[in-house]
Amino acid sequence: AGLPTAIEGLLKQQPGESTAAVRWVPGLRVRSAACGFGRPATRPWAAVEVVGVASEGGDESGGSSGSDQQPFTYSELFAGIGGFRVALDSLGGRCVFASELDESAQKVYHKNFGDCPFGDILEIGTEEIGSHDVLTGGFPCQPFSNLGEKQGFADPRGQLFREIIRVIYACRPRAVILENVANLVYIDGGSSLEQILQDLSDVGYDVDWRLINCSELLPQQRLRLYIVGLRRDIDGKTDFRWPELPVLDTSLAQVLEGPEVDNDTQNMLSEEQFAKLQTSSEYMQDPEKRLAQLHAKARTLTSGYRGGIRSEFVFRVGAPRPRYFTVRECARLQGFPESFVHCGSEGLPDRNRAYHQLGNAVCPVVVAAIAACVLSAIGLQRGTLPSGAATSHGIEPLPRGPDPHRGLTASALELLLAASPTDTAESLQLRALCEAFLLGGSSGVPSSTGCGRELSASDVEGLRRLLTSNLPGAQTTALFAIGRVAYLEGQTGVAKTAPAAVAASGGLLALVTGCLAGANEVQRQAVTTLKILSTFESVVGPLARDACALQRLREFMQDAEAGGSIGRQAGEILQNLGVLGNGSPPPAMGTAGCECACAEVF
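Predicted model, so just to flag it, every value in this text is computed and none were measured. Every residue gets a number counted from 1 within its own chain, in the order that chain's sequence is written. Only residues with pLDDT of 70 or above have their local features reported here, since the model is predicted, and side-chain atom pairs are shown and tallied only from 80 upward, although totals for entire chains, interfaces and linings are computed over all residues. Values reported for side chains reflect all heavy atoms of the structure, with hydrogen atoms and water molecules removed beforehand.

Where burial is concerned, most of helix α4 (residues 161-171) is hidden: eight out of the 11 residues are buried. When accessible area is computed with a 1.4 Å probe and restricted to protein chains, residues below 20% of their type maximum are described as buried, those above 50% as exposed, and intermediate ones as partly exposed. Each helix is a run of H or I in the DSSP string that is no shorter than four residues. Each strand is a run of E no shorter than two, and both are numbered from the N terminus. Inspection of α4 places Phe-161, Glu-163, Ile-164, Ile-165, Arg-166, Val-167, Ile-168 and Cys-171 among the buried residues, and these make up the whole buried set. Arg-172 sits one or two residues past α4 and shows a positive phi near 50 degrees.

Glancing now at the sheet that holds strand β1 (residues 73-77). Between any two strands, pairing holds if DSSP finds at least two bridges. Taken in spatial order, the six strands line up as β2-β1-β3-β4-β6-β5 in an open sheet, and their pairing is mixed. Two strands bound the open sheet, and with one partner strand each, they are β2 (94-98) and β5 (205-213). Averaged over neighbouring strand pairs, the angle between their axes works out to 20 degrees when direction is ignored. Pairing between β5 and strand β6 (residues 223-231): nine bridges, direction antiparallel. Within β6, the position partnered with Tyr-205 by the bridge is Arg-231. A fitted line through C-alpha atoms represents every axis, and for helices the fit uses only the stretch in contact; the resulting angles, taken between N-to-C directions, go from 0 to 180 degrees.

The next thing to look at is the pairing of β2. With four of its five residues buried, β2 lies for the most part within the structure. Examined bridge by bridge, β1 and β2 share four bridges and lie parallel to one another. Counterpart to Glu-76 in the pairing with β2 is Ala-98. Between the parallel pair β1 and β2, the chain is carried across by helix α2 (residues 83-89), and the sense of this crossover is right-handed. If the strands point away from the viewer and the path from the first strand over the helix to the second runs clockwise, then the crossover is right-handed.

For the rest of this paragraph, the subject is the packing of helix α13 (residues 410-418) against helix α14 (residues 425-439). It is the contact of α13 with α14, at a shortest axis distance of 10 Å, that shows an interaxial angle of 175 degrees. When the interaxial angle is binned, α13 and α14 end up roughly antiparallel. Across the interface between the two elements, Ala-410, Leu-413, Leu-416 and Leu-417 from α13 touch Leu-430, Arg-431, Cys-434, Phe-437 and Leu-438 from α14. Polar here means any residue outside two lists: the nonpolar Ala, Val, Leu, Ile, Met, Phe, Trp, Tyr, Cys and Pro, and the charged Asp, Glu, Lys and Arg; Gly therefore counts as polar. Residue classes in the contact of α13 with α14 are distributed as eight nonpolar, no polar and one charged. Roughly parallel covers angles under 35 degrees, roughly antiparallel covers those over 145, roughly perpendicular covers 65 to 115, and oblique covers all other angles. Contact between two residues is taken to exist if any of their heavy atoms lie within 4.5 Å; hydrogens are not considered.

What follows concerns the packing of aromatic side chains. A pair of aromatic rings is counted whenever rings of Phe, Tyr or Trp (Trp by its six-membered ring) have centres within 6.5 Å, and the orientation is called stacked for planes under 30 degrees apart, edge-to-face for over 60 and tilted otherwise. Here the structure, examined in full by the defined rule, presents 11 aromatic pairs. Relative to Tyr-324, the ring of Phe-313 has its centre 5.2 Å away and its plane inclined at 75 degrees; by these criteria the two rings are edge-to-face. You can see Phe-313 sitting in the loop between α7 (281-285) and α8 (327-334) and its partner Tyr-324 sitting in the loop between α7 and α8, a full 11 residues away along the chain. Given the relative accessible area of 4%, Phe-313 is considered buried.

Along the chain, Thr-477 falls in helix α16 (residues 472-490). By relative accessible area, which is 3% here, Thr-477 ends up buried. Among the polar contacts made by the side chain of Thr-477, one reaches the side chain of Ser-215 at a distance of 3.4 Å. Between N or O atoms, a polar contact is any pair within 3.5 Å; within protein, one atom must be a potential hydrogen donor and the other a potential acceptor, and residues adjacent in sequence are included only when both atoms are from side chains. At 2.9 Å, the side chain of Thr-477 and the backbone oxygen of Gly-473 are in polar contact. Discounting chain neighbours no more than four positions away, the residues touching Thr-477 are Ser-215, Glu-216, Val-247 and Leu-466.

Attention shifts here to the pairing of strand β4 (residues 175-181). When a strand is regular, its side chains alternate between the sheet's two faces. Burial analysis of β4 places seven of its seven residues in the buried class, which makes it a mostly covered element. In this structure, strand β3 (residues 134-137) lies alongside β4, joined through four bridges in parallel fashion. Looking across to β4, one finds that Val-134 is bridged to Ala-175.

What follows is about the environment of Val-445. Of note, Val-445 is situated in the loop between α14 and β8 (447-448). When its relative accessible area of 13% is taken as the criterion, Val-445 is described as buried. Distance in space between the C-alpha atoms of Val-445 and Asp-249 is 9.3 Å, their sequence separation being 196 residues. If we skip the residues at most four places from it in the chain, Val-445 touches Pro-246, Val-247, Leu-248, Arg-406, Leu-433, Ala-436 and Phe-437.

Attention now goes to the nonpolar core. Counting 90 residues, the largest nonpolar core has Val-134, Phe-240, Phe-325, Ile-370 and Val-374 as its most contacted members. By residue number, the principal contributor to this core is helix α10 (residues 364-377), which donates 12 residues. Those residues in contact with Val-374 that sit more than four places away from it in its chain are Ala-175, Ile-177, Val-228, Leu-230 and Phe-240. Buried Ala, Val, Leu, Ile, Met, Phe, Trp, Tyr and Cys residues form a nonpolar core when they are joined through side-chain atoms within 4.5 Å. Counting 74 residues, the second largest nonpolar core, distinct from the first, contains Ala-486, Leu-511, Leu-530 and Leu-543.

Take the confidence of the model for the chain next. Per residue, pLDDT captures the predictor's confidence, and it can take any value from 0 to 100. For the chain, the average pLDDT comes to 80, and 75% of its residues sit at 70 or higher. Least confident of the elements in the chain is helix α23 (residues 598-601), whose mean pLDDT is 33; most confident is α10, at 97. When the criterion is pLDDT under 50, residues 37-62 qualifies, and its contacts beyond four places in sequence or with other chains add up to 59 contacts. When the criterion is pLDDT under 50, residues 494-498 qualifies, and its contacts beyond four places in sequence or with other chains add up to six contacts.

At Arg-172, a position not held by glycine, the phi torsion is positive, near 50 degrees. With respect to the secondary-structure elements, Arg-172 resides in the loop between α4 and β4. Looking at Arg-172, the relative accessible area reads 25%, which means it is partly exposed. Notably, Asp-423 is not glycine yet its phi reads approximately 60 degrees, a positive angle. Looking at where Asp-423 falls in the secondary structure, it is placed in the loop between α13 and α14.

Now for the pattern of salt bridges. The rule for a salt bridge is simple: a side-chain nitrogen of Lys or Arg has to be within 4 Å of a carboxyl oxygen of Asp or Glu. Evaluation of the coordinates by the stated rule reveals 21 salt bridges. Asp-199 is the salt-bridge partner of Arg-162, the closest N and O atoms lying 2.4 Å from each other. Residue Arg-162 is located in helix α4, and its partner Asp-199 is located in helix α5 (residues 191-202); the two are separated by 37 residues in the primary sequence. For Arg-162, a relative accessible area of 30% puts it in the partly exposed group. For Arg-316, the salt bridge identified is with Asp-262, shortest N-O distance 3.0 Å. Note that Arg-316 is positioned in the loop between α7 and α8 and Asp-262 in the loop between β7 (245-246) and α6 (271-278), a separation of 54 residues in sequence. For Asp-262, a relative accessible area of 5% translates into the label buried. Salt bridges sharing common partners tie together Asp-262, Arg-316, Arg-323 and Glu-329.

In structure tokens form, the structure reads like this:
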């Protein structure tokens, strides 16, 4: 009874009053210095001496001076298992603060880096963080994800972005790099993203953002939003340019472990699970919706991979039953190096937790490419970037070619090689492609810089190069980007036609329909993209006049071998063309007046 009475007395106490037992402190946070009451601080961070220490000769932010000999410093908020750290360490950075609430992820982080992150960022005072050059963070995505309730800032987890603003305002890093789901661009009609951009601008940063799909480098479809902010008052700052990423024709088969894992009961579906899968209506209609396409890209890895309808399974020839991806395969899909330790290995418990953690992680390879361009823009790396990934993971450094901007991606590509199986024909081919891209030879390795709110003229030209490359990976990347932008635009609930109109007027529509004659995985992605585009009125007319495309769609719909989802989606496209617009059915088959450009493309 005494404790509630004491609390009641404290609540009745007015500001300014004091007793021997209590004092009022503004802005109190559980782990702040003000909350210590003279007790020695207990810091979980191993390298305590580097936290908040200004580099000699640094600027007013207390960060690095920009010298080649002085590593830049950075923080990692909402760190997870350390995806940002893998990326920035590969560029020669020094992490001075990390925060992560989940205890299991903290253990993985400590196992890999030797430092244990601080806990709940809500309990951390900014004096615990100190000054640093670059702030990074993958703030919680659940409020903005298509897989969640999409409540945006109405979800309490959405408000955690304010903690990033609090730290930025107090610590004044030179640059900010943030990551989140692509749907953040479109949720609430775009107002949530606009609020984030405005908040960053209000605390003194020039901000830009981009949607980038890691499938350009890795065999996984993972479209993510990346936000970069540069502090306005930095002397010597140059214009930021997004990285030019090679579009590599990688496939899922290249990252799979050997056939022995197909027989491991930890990975396989049980006989009962397989029987249930085979009798499900989804599998009976189209097994490909649940079975991974080994020579294409994996679908987006999510935190719930091993529990729920979104799991896709590996079913190779000779395997007794389908299986889940192994944890190592998931790490490769995300771009984590082979040396990275995950739950279920080296004494860390709960193997299944690794799937959750990897599904929530950022892609270190993409982050490394973006961060290198950020460091170049703010003058923290002069000349050739260090081969941090090569040195750390035993990879022979890649050459830095004549194009300085392309050269900034070299460390990211070394990290890509470190995240791939070694000593295989595929790994040698991957290295050769990376070298050819950096040296700028006549190899014809296409490149991409992602896309912004709309498909700009430069985006259209980049997508055109991908679609005409005759490389299945490049073509599916472009098709996915076009379809995804159009799909997300449609989720606003407003009949906007920007992505579809650009696709039509910019000449991309003819190239998309030309992909209906491509490789199997290209055909599937082309049909999926056309299904989305066919819901826009600006596309109905041009597509309905493309007799060759209509003929192929009808063949898909009728061909028993195509069957499954590709046949159903082809039928839905034809239905859309007959329903939208003037309501008339598609024109009769024939070549007269065909707008198909496949003859020029392939």
